[in-house]
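The lines below spell out each chain.
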Amino acid sequence: MADIDKSLPNQVRTEVEVPSEEVDVKEEEIVEQPPVEVIPEEDGGATLNFEPGAINVPGTENHFDNLADILPEDILNPLGNEMVQNYMDYKTSRKDWEQGYIQGLDLLGFKYENRTEPFQGASGATHPVLAEAVTQFQAQAYKELLPAEGPVRTQIIGITSPPVEQQSQRVKDYMNYLLMDQMQEYEPEFDSMLFHLPLAGSTFKKVYYDQLLGRGVSKFVPAEDLIVPYTANSLDDAEAIIHTIKISENDLRKQQVNGFYSDIELGPPGPDTNNELEKKERELEGTKKTGKQEPMYNILECHINLDLEGFEEVDSEGEPTGIKLPYIVTVEETSRKILSIRRNYNPNDLKKSKIQYFVHFKFLPGLGFYGFGLIHMIGGLSRTATSALRQLLDAGTLSNLPAGFKQRGVRVRDEASPIQPGEFKDVDAPGGNLREAFFPLPYKEPSQTLLQLMGIVVNAGQRFAAIADMQVGDGNQSAAVGTTIALLERGSRVMSAIHKRLYVAMKQEFKLLADVFKTYLPPEYPYDVVGGQRNIKQTDFDDRVDIVPIADPNIFSQTQRISMAQTELQLAQSNPQIHNLYEAYRNMYEAIGVKNIDQILPPPQQPTPVDPAAENILALSGKPFQAFKGQDHRAHITVHLNFMATNLARNNPIVLGALEKNIFEHISLMSQEQIEVEFREELQQLAQLQANPMLAQQDPNVQQQILSLTLAMESRKAKLIAEMSQEFKDEENKIMGQFGNDPVAKLKARELDLRAADDARKREEGEERLSLDRMRAMMNQSNFDDKLDQNKELAMLRAGVSLAKTGAKKVEIEEN
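Quick caveat: nothing in here was measured; it's all calculated off a predicted structure. (Residues numbered from 1 in each chain as written. Predicted model: local features only at pLDDT ≥ 70, side-chain atom pairs only at ≥ 80, totals over all residues. Heavy atoms only, no water.)

Bringing the packing of aromatic side chains into the picture now. Two aromatic rings are characterised by how far apart their centres lie and by the angle between their planes. Counted under the stated rule, the structure contains 17 aromatic pairs. For the ring pair Phe 137 and Phe 363, a centre distance of 5.1 Å and an interplane angle of 80° mean the geometry is edge-to-face. Of this pair, Phe 137 sits in helix H3 (residues 129–145) while Phe 363 sits in the loop between strand S13 (358–362) and helix H8 (374–400), and the two are 226 residues apart along the sequence. When its relative accessible area of 4% is taken as the criterion, Phe 363 is described as buried. For the ring pair Tyr 174 and Tyr 525, a centre distance of 6.1 Å and an interplane angle of 80° mean the geometry is edge-to-face. Placement of Tyr 174 in helix H4 (residues 162–182) and of Tyr 525 in strand S18 (residues 524–529) is noted, with a sequence separation of 351 residues between them. Exposure remark for Tyr 174: the relative accessible area of 4% places this residue in the buried category. The class of Tyr 525 is partly exposed, set by a relative accessible area of 33%. In this structure an aromatic cluster arises from ring pairing among Tyr 174, Tyr 177, Phe 517, Tyr 525, Tyr 527 and Phe 541. Note that Lys 206 overlies the ring of Tyr 208, its terminal NZ or CZ placed 5.2 Å from the centroid. Arg 342 extends its terminal NZ or CZ atom over the ring of Phe 260, reaching a point 4.5 Å from the ring centre. (Phe/Tyr/Trp six-rings, centres within 6.5 Å; stacked < 30°, edge-to-face > 60°. Helix = DSSP H or I, 4+ residues; strand = E, 2+ residues; numbered from the N terminus. Buried < 20%, exposed > 50% of the residue type's maximum accessible area, 1.4 Å probe, protein only. Lys NZ or Arg CZ within 6 Å of the ring centre and 35° of its normal.)

Averaged over all residues, the pLDDT of the chain equals 78, while 79% of them reach at least 70. Looking at the elements of the chain, mean pLDDT is at its lowest for strand S1 (residues 11–16), recorded as 37, and at its highest for S13, recorded as 94. pLDDT under 50 marks residues 468–477. Its contacts with residues more than four places away, or in other chains, come to eleven contacts. (pLDDT = per-residue confidence, 0-100. Contact = heavy atoms within 4.5 Å.)

The angle between the axes and the distance between the axes are what describe a pair of packed helices. Where helix H2 (residues 95–105) contacts helix H5 (residues 186–200), the axes come no closer than 10 Å and their chain directions differ by 110°. With respect to each other, H2 and H5 are oriented roughly perpendicular. Taking contact as the criterion, the partners of Trp 97, Tyr 101 and Leu 105 in H2 are, on H5, His 196, Leu 199 and Ala 200. Of the residues contributing to the contact of H2 with H5, the split by class is five nonpolar, one polar and no charged. (Axes fitted to C-alpha atoms, helices over the stretch in contact; angles between N-to-C directions. Parallel < 35°, antiparallel > 145°, perpendicular 65-115°, else oblique. Nonpolar A, V, L, I, M, F, W, Y, C, P; charged D, E, K, R; others polar.)

Hydrogen bonds between backbone groups are what pair the strands of a sheet, and the pairing can be parallel or antiparallel. In spatial order, the strands read S8-S9-S10-S11-S12; together these five strands make up an open sheet with antiparallel pairing. The open sheet has two edge strands, strand S8 (226–227) and strand S12 (338–343), and neither has a second partner. Looking at chain direction, strand S10 (residues 296–306) and strand S11 (residues 325–332) are connected through eight bridges and run antiparallel. The partner of Asn 305 across the bridge, within S11, is Pro 326. (Pairing = 2+ DSSP bridges.)

Attention now moves to the sheet that holds S13. Pairing within the open sheet is antiparallel, and its three strands lie in the order S7-S6-S13. The sheet is open, and its two edges are formed by strand S7 (215–222) and S13, each paired on a single side. The average angle at which neighbouring strand axes cross in this sheet is 25°, direction not considered. In the sheet, strand S6 (residues 202–210) pairs with S13 via five bridges, with the strands oriented antiparallel. Each bridged residue has a counterpart across the sheet, and for Lys 205 the counterpart in S13 is Val 359. Each of S6, S7 and S13 is contacted by H5, which is oriented at about 155° to S6, the strand it contacts most.

The subject of this paragraph is helix H17 (residues 633–644). Side chains three or four residues apart in an α-helix point the same way, a direct result of the helix having 3.6 residues per turn. Its twelve residues give H17 an end-to-end C-alpha distance of 16 Å, which sits within 8% of 16 Å, the value for a rise of 1.5 Å per residue. Every buried residue of H17 is accounted for by His 633, His 636, Ile 637, His 640, Leu 641, Phe 643 and Met 644. On an axial view of H17, the arc spanned by its buried residues comes to 165°, and they lie on one face. (Expected span 1.5 Å × (residues − 1). Arc of directions from axis to C-beta.)

As for its placement among the helices and strands, Leu 683 is situated in helix H20 (residues 680–690). Sequence spacing of Leu 683 and Leu 709 is 26 residues, and the spatial spacing of their C-alpha atoms is 8.3 Å. Ignoring any residue separated from it by four or fewer positions in sequence, one finds Leu 683 in contact with Ile 675, Glu 676 and Met 713.

Before going further, it helps to examine H3. Along its 17 residues, H3 runs 24 Å from first to last C-alpha, staying within 8% of the 24 Å computed at 1.5 Å per residue. Considered for burial, the residues of H3 that qualify are Val 129, Leu 130, Ala 131, Ala 133, Val 134, Phe 137, Gln 138, Ala 141, Glu 144 and Leu 145.

The next thing to look at is unusual backbone geometry. A positive phi is found at Arg 336, a non-glycine position, where the angle reads about 60°. Despite not being glycine, Lys 352 has its phi angle at roughly 55°, a positive value. Topologically, Lys 352 is positioned in the loop between S12 and S13.

Listed below in structure tokens is the structure:
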């Protein structure tokens, strides 16, 4: 018997038979047996765990489960310390950015500065060029990107069909319903984001599924709350993204009870960790911490790549590769305890690409990760304008309230009280001239040069921020179209580029929202709207429908839209024969925001099938008419030929032309209907081939077959048209032969042709003049309304000035 090492646990003895020619005894082989853990159950039974030390046991967890619940503390504690240290390092790396942003917030002028230098009571006013640029951008972008009917529209990718069109409409209706009705936080947070964006240059949206709310959420994240490493250039290539979240103790407890965070003891929240930027924002807001406040936890949600022990990436042979995988690690900053660790990639993704939750909105592209805002671009001009404004105000103050020196020994009664207008005080002068006892300092009035310099600085800032009024078409309504477009483009380059960047970011936001719906929606979800009920399917959010913002990326304001519609209308009126004037006028009404367009501009009536006698009447009236499929074409042609032989029609070339046009339409439709009868089977075969365009592109024989069928049908149709045209010619000659052989009648017909052409030309000129007169009347009415408004404002100002003068006179009379 071989010796057994008593120190090795869980060894069992197994008798092994040894061949007799070597050894004549039985040896015992030592076999390692893994430890077995016995877990008692409440019902008296027990569970055997054959791998008690294993962490990642396949089949025992969901892909997105909280791994912090099963990882030991010797793994969690170092990881929590590392996450908090990374957060502090990343935050320190952007300290200069925060300082520049903090100093730039003072340029908004939200808080008046009480200055004591260069003298007590010096002006602390701030020039509003930066505040004006921010508020105008926010108002303009908010109206364009978030209209009342909803910010979402859809477009179909690939071949259009009725089922896909219905799917596209369902997606559009549901997205707008959710954003504008159910997601009550979306509109105010989007409004707030558009105010922060031009200041900081960067803002973010976080799109995710909220388990407490039971729906998707798109949350505004200020730039100060999202921190990335120094080396990051974009959200996609950032090695880590840390989102700082302020959460109350009660809300955190809800998340723990709900199972989203681990139910661990964190201890009391740490001291208020508001950074300098948050303190500056509260100061400008006019709020401060007073009394007892509810303590807040500072949660760090770290989107990071980790080679997590127990969950390593392995190759085909089961060996660890050392590749880091995407995880979301949530840490409480003060205690540095980990609340959750979740995989951040889809279970079916072989590449294990990270799931992106954030969207970056940029005002202007910066040199690194963060974008540039108006604080960075016109902050210097705003400081210069503020300095010039304060100097002008201080100069006016000093020139109106002069100071100086007085001779020693001169005493003025009640020196502490100021001298009121019209008041004389007694002065005790030891001798000499009183004028020589006082020496006022030579203060100058505000400088005109400094005023002009401030105007230049302000205009430069306004031009850059695109907030100057666009003088497109002012004083010159007949300006050339090219000139108007050039002026419009020159004054809107910066704003147009910013608008396109916001459009791209919103498209990415809607894509992330669609992914949330595709994951968490039930197979079919009904919802109620005003006046009815609709439903959405989970399968609707696929690659066949593209979700994009309803805003036009090339138009960023109503002013630009009106200018373009007006230019379009001018082009259409210049040559109405080749334009659709109805659509041009309709676009103009839509641009200026008219709601009841159909009542003001009735849509043109669509032609409908009528009998041949009514067509003859329409021909005499000069009104359009056309042939329709399914009519008795030969009967229509016969009626028209008989009418063409009458004196009334023979002497009117316009009527003859309209009737012959209609006859050839009937001939074309007759030949088409004959083709459908003769080539019924071939047409069905052609429809089947055209229904599968991919097959036609891949198989050249199919393309050749489609081409052959098409050519055969076109050839047969041409022959039928030729035969029918010959029949029409013979019938026309038979009925109108006498008219056709009369030379005098030919001369008369030629004269009538010329007269008809002249009448048509005069009628077209009259219509053009009428259209121009209507447009001129509209413009004159608009100018008249503007002048009335200006006159009203001037009258109110004159009345106010008159009242002020009257009041001043009354005060003067009462004092005297």
